[in-house]
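Here's the letter readout for the chains.
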Amino acid sequence: MANKILVSPGSSRHGIDGSYVTIEVATPEHYRLYSYWSPWSSSSSKNEGAQDVVKMMALTNNFLDLSGHTSNFLESLEPGNYPWGMTGLRIDKFLPENARRSTLYKTLEKRARKELKITPETSHQKYPIVIINHQRAFLKDLNKYETADVSSLQILSKDNSQHSIYGSLGENGVIVVETK
């Protein structure tokens, strides 16, 4: 991965005691923008302060698996919606092993694990979306219903052309439930 130091043309974000340093980190998987005030940075073409930060970040990434730590943190979150920068993060996964399960939940969990190839190691990002009565829901919401409450249910995998109506949200499969 290449590290480049670029100075924005016409940038006047510096003062007598330092300047703003903005670092853009872009990889195929992530994009982050870091900005701070540095008393050691100047508007010189060398921009040594920013170069030092880039070197420090490269060293840190070599010694720490930051993406692994982030992934472990995200997987530890309970299902729900979380603010994440200017967007949101949606975490969904099956109920814990010791949780009580309705008849519907047991049936759909077993089928979804088999048909969508979900294992205990599957990341929350690879879970299917759940649609109950035309509304987006969480897997845990399936536990509110018994099999007798359902008029229809479908598990749509990538192989099923109907999953495409859900766009990129349905790329890992869709569980569709209609209640009576």
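Look up a bit, the structure's there.
A brief look at the structure comes next.

Definitions and limits used
- Residues numbered from 1 in each chain as written.
- Predicted model: local features only at pLDDT ≥ 70, side-chain atom pairs only at ≥ 80, totals over all residues.
- Heavy atoms only, no water.
- Salt bridge = Lys/Arg side-chain N within 4 Å of Asp/Glu carboxyl O.
- Buried < 20%, exposed > 50% of the residue type's maximum accessible area, 1.4 Å probe, protein only.
- Core = buried A, V, L, I, M, F, W, Y, C linked by side-chain atoms within 4.5 Å.
- Helix = DSSP H or I, 4+ residues; strand = E, 2+ residues; numbered from the N terminus.
- Contact = heavy atoms within 4.5 Å.

Considerations on the pattern of salt bridges
Logical step 1: Enumeration according to the criterion identifies four salt bridges in this entry.
Logical step 2: Across the pair E109 and R101 runs a salt bridge whose closest N-O atoms are separated by 2.8 Å.
Logical step 3: You can call R101 buried: its relative accessible area is 13%.
Logical step 4: In this structure, D141 and K144 form a salt bridge, with 3.4 Å as the shortest nitrogen-oxygen distance.
Logical step 5: Under the relative-accessibility criterion, K144 is labelled exposed at 61%.
Logical step 6: One salt-bridge network, in which partners are shared between bridges, spans R101, E109 and R113.

Section: the nonpolar core
Logical step 1: Membership of the largest hydrophobic core comes to 18 residues, with the highest contact counts inside it found for F94, L108, V130, L139, L142, I175 and V177.
Logical step 2: Elements supplying a minimum of two residues to this core: α3 (103-115), β6 (129-132), β8 (150-156) and β9 (174-179).
Logical step 3: For this core, the element with the highest residue contribution is α3, accounting for four residues.
Logical step 4: Once residues lying within four places of it in the same chain are set aside, the contact partners of I175 are L108, A112, P128, I129, V130, I131, L139, L142, Q154 and I155.
Logical step 5: In terms of nonpolar packing, the next biggest core, distinct from the first, is built from five residues, I129, I131, L156 and V174 among them.

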